[in-house]
Amino acid sequence: MDNVLRGKNIIIGISGGIAAYKTPQLVRLLKKSGAFIRVVLTESATRFVSELALATVSEERVYRSLFPPADTTGTDYTRHISLGEWADAFVIAPATANTLARLSAGLCDDMLTALFLTLRPGKPVMIFPSMDGQMFLSPSVQRNIAILSGQGCRLITPESGELASGLIGVGRMPEPESIVSSLEKALQSTVPSSPLCGKSVVVTAGPTREKIDGVRFISNYSSGKMGFAIARAASERGALVTLITGPVYLETPSGVKRLDVETAMEMHDAAKSCFKSCNIFIGAAAVSDYRPATSFEGKMKKEKPEIELTLIKNPDILAEFGMQKAPGQLAVGFALETHAGLDNARNKLSAKNLDLIALNFFDRNTSGFEVDTNILTLIDNEGLTTELPQLPKDDAADKLLDLIEQLYVKTRQ
Ligand SMILES: Cc1cc2nc3c(=O)[nH]c(=O)nc-3n(C[C@H](O)[C@H](O)[C@H](O)COP(=O)(O)O)c2cc1C
């Protein structure tokens with residue numbers, strides 16, 4: 001690998017986690033690669049690593065407060081802006097839960113957070129969350145991570161292993177060598193080399209609503225998080241993504257074309273119009289299997305002691321695509337199961353003529369609807385089975401897309 005770090009201007013942002021003690025070594029390694037380094041710390045970070053050590057290894061003064069010392073001159077008053085212009089990349093390691101919250105909220109009451117806002121678009125921002133495993137998987141931290149990755153930051157999943165508390169779990173900051181290699185990859189911009197670059201990817205997400213009358217509907221608990229994570233990950237790989245979504249409360253990932261629908265029939269119509277032109281169709285939506293045979297105008301009155309609701313089957317969008325797909329097109333589905341998962345998923349894979357299916361066992365706390373994590377088992381059309389651990393949905397989406405890339409290359413050979 002060419003030395004992409006030589007001559008690059010890198011800012012290392014350090015927040016107050018225990019892993020901050022590893023950062024002087026990170027700075028040393030980057031300096032050795034020929035990069036120019038400036039260090040920015042939070043107030044809490046100084047409890048875990050000495051500013052003197054960081055200034056010595058970086059051979060530069062380090063920055064903490066937004067407000068300059070009394071002997072400041074010239075542009076030093078607005079260092080948060082000039083540093084943002086100077087930087088080719090911003091690495092935040094370790095990123096505490098607190099710093100993730102402040103960054104995602106857009107606060108800027110110290111140098112690190114202000115700098116984050118002044119960084120020029122297109123510069124890689126790599127964030128290495130590091131904390132106790134339970135903290136990392138908490139809904140608040142996962143929400144902040146999703147916001148930041150939706151803004152284009154690269155959030156690197158912490159490693160699993162022994163944590164500062166002595167507990168075993170996900171939350172360890174990668175070793176400095178591994179951070180350096182992630183940064184090298186980011187600076188080489190892996191996106192254009194993805195086989196998905198420039199390809200049309202259609203993702204369905206969220207639930208559908210099947211109207212009973214003007215104010216009531218049948219639906220399910222799908223939040224759309226998994227489908228949105230897939231759309232984001234595909235777009236980051238350079239794909240031209242169309243996201244067809246049922247009613248959800250999520251922000252559209254950047255660069256993604258979004259089509260909002262409500263019912264299964266509307267999703268069917270929107271999806272059908274993309275069947276011919278798309279290269280990859282990923283059905284992550286929880287489409288209602290049935291809809292009321294008739295929907296009443298206005299609100300049904302509570303008059304009769306009993307009423308009957310006749311349900312009719314909705315079209316199976318994914319199976320329809322699977323059956324019609326041309327050679328070279330890829331169909332990917334999801335199977336949410338509560339029992340006999342592997343058998344059911346394999347049956348769906350072949351019955352719908354899919355190339356890949358992601359099985360998730362429904363578990364209220366860790367996998368399936370609404371939660372921020374998933375435990376997926378990926379099964380391809382040759383029977384190859386890959387079991388993934390419990391992962392944030394963004395990371396599960398990346399693993400899924402790694403496999404889709406491989407399959408896509410294979411189908412076109
Ligand atoms: C011994 C000790 C270790 C800590 N380690 C972490 C950690 O690894 N990750 C984390 O998110 N917070 C950790 N904290 C909590 C943060 O230091 C605290 O939330 C602080 O306000 C973070 O401030 P900052 O984000 O501005 O740096 C730790 C606290 C203590 C006392």
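Computed from a predicted structure; not experimentally measured.

Reading the values: rules and limits
Residues numbered from 1 in each chain as written. Predicted model: local features only at pLDDT ≥ 70, side-chain atom pairs only at ≥ 80, totals over all residues. Heavy atoms only, no water. Pairing = 2+ DSSP bridges. Helix = DSSP H or I, 4+ residues; strand = E, 2+ residues; numbered from the N terminus. Axes fitted to C-alpha atoms, helices over the stretch in contact; angles between N-to-C directions. Contact = heavy atoms within 4.5 Å. Near = heavy atom within 4 Å. Polar contact = N/O pair within 3.5 Å; in protein donor to acceptor, adjacent residues only side chain to side chain. Areas by Shrake-Rupley, 256 points an atom, 1.4 Å probe, with all protein chains shown as cover. Core = buried A, V, L, I, M, F, W, Y, C linked by side-chain atoms within 4.5 Å. Buried < 20%, exposed > 50% of the residue type's maximum accessible area, 1.4 Å probe, protein only. Domains from an automatic or database assignment. Buried area = accessible area lost by both parts, 1.4 Å probe. Salt bridge = Lys/Arg side-chain N within 4 Å of Asp/Glu carboxyl O. Parallel < 35°, antiparallel > 145°, perpendicular 65-115°, else oblique. Left-handed = near helix turned anticlockwise from the far one by under 90°. Nonpolar A, V, L, I, M, F, W, Y, C, P; charged D, E, K, R; others polar.

1. Thoughts on the sheet that holds strand β13 (residues 280–283)
Whether parallel or antiparallel, the strands of a sheet pair through hydrogen bonds between backbone atoms.
1) Next: Ordered in space as β12-β11-β8-β13-β16-β17-β19-β20, the 8 strands form an open sheet in which the pairing is mixed. Edge positions in the sheet fall to β12 (257–260) and β20 (385–387), since each of these pairs with one other strand and no more. Pairs of neighbouring strands in the sheet enclose a mean axial angle of 15°, with direction left out of account.
2) Next: In terms of strand pairing, strand β17 (residues 356–361) meets strand β19 (residues 376–380) through 5 bridges, oriented antiparallel. Looking at β19, one finds that Ile357 is bridged to Ile379.
3) Next: Across the face of the sheet, helix α12 (residues 341–351) comes into contact with β16 (330–337), β17, β19 and β20 while running at roughly 155° to β17.

2. Things to note about the site of the ligand
1) Next: Around the ligand, 15 residues are found, and the nearest of them are Gly16, Thr42, Thr96, Ala97 and Thr99.
2) Next: Separating an oxygen atom of the ligand from a side-chain N or O atom of Asn98 is a distance of 3.1 Å.
3) Next: Take Thr99: an N or O atom from its side chain is 2.6 Å from an oxygen atom of the ligand.
4) Next: In the complex, 63% of the free accessible area of the ligand, which totals 650 Å², lies under the protein chains.
5) Next: Considering every element that reaches the shell around the ligand, the biggest residue donor is helix α4 (residues 97–105), with 4 residues.

3. Describing the nonpolar core
1) Next: Ranked by size, the top nonpolar core spans 36 residues in total, and within it Ile230, Ile280, Ile282, Phe334 and Ile404 carry the most contacts.
2) Next: Of all the secondary structure elements, the ones that give two or more residues to this core are β8 (200–205), α9 (225–236), β11 (240–245), β13, β16, β17, β19 and α13 (393–411).
3) Next: By residue number, the principal contributor to this core is α13, which donates 8 residues.
4) Next: Those residues within four positions of Ile230 in sequence are excluded, and the remaining contacts are Val203, Ile282, Ala284, Phe334, Ala397, Leu400 and Leu401.

4. Thoughts on the environment of Pro158
1) Next: Among the secondary structure elements, Pro158 is positioned in the loop between β5 (154–155) and β6 (159–162).
2) Next: The exposure class assigned to Pro158 is buried, which follows from its relative accessible area of 5%.
3) Next: Linking Pro158 and Pro327, residues 169 residues apart in sequence, is a C-alpha distance of 39 Å.
4) Next: Contacts of Pro158, omitting those with residues within four sequence positions, involve Pro129, Phe136, Val170, Gly171 and Arg172.

5. Some thoughts on the domain arrangement of the protein
1) Next: Along its sequence, the protein is carved into domain 1 (9–189) and domain 2 (192–293 + 307–411).
2) Next: Each of domain 1 and domain 2 has a C-alpha centre, and the two are 34 Å apart.
3) Next: Roughly 780 Å² of surface becomes buried between domain 1 and domain 2 when both sides are summed, with 51% attributable to carbon and sulfur atoms.
4) Next: Remark: the boundary between domain 1 and domain 2 carries 0 salt bridges.
5) Next: The interface formed by domain 1 and domain 2 contains 2 residue pairs in polar contact (both at pLDDT 80 or more).
6) Next: Elements represented by at least two residues in the side of domain 1 that touches domain 2 include exactly α6 (133–137) and α7 (139–150).

6. Side note on the packing of helix α3 (residues 79–86) against helix α5 (residues 111–118)
1) Next: The geometry of α3 relative to α5 is characterised by a closest axis approach of 8 Å and an angle of 50° between their N-to-C directions. With respect to their mutual orientation, α3 and α5 come out oblique. Along this stretch, α3 crosses α5, giving a crossing that reads as right-handed. Along its contact with α3, which presents Arg79, His80, Ile81, Leu83 and Gly84, the element α5 presents Met111, Ala114, Leu115 and Thr118.
2) Next: Tallied by class, residues from the contact of α3 with α5 come to 5 nonpolar, 3 polar and 1 charged.

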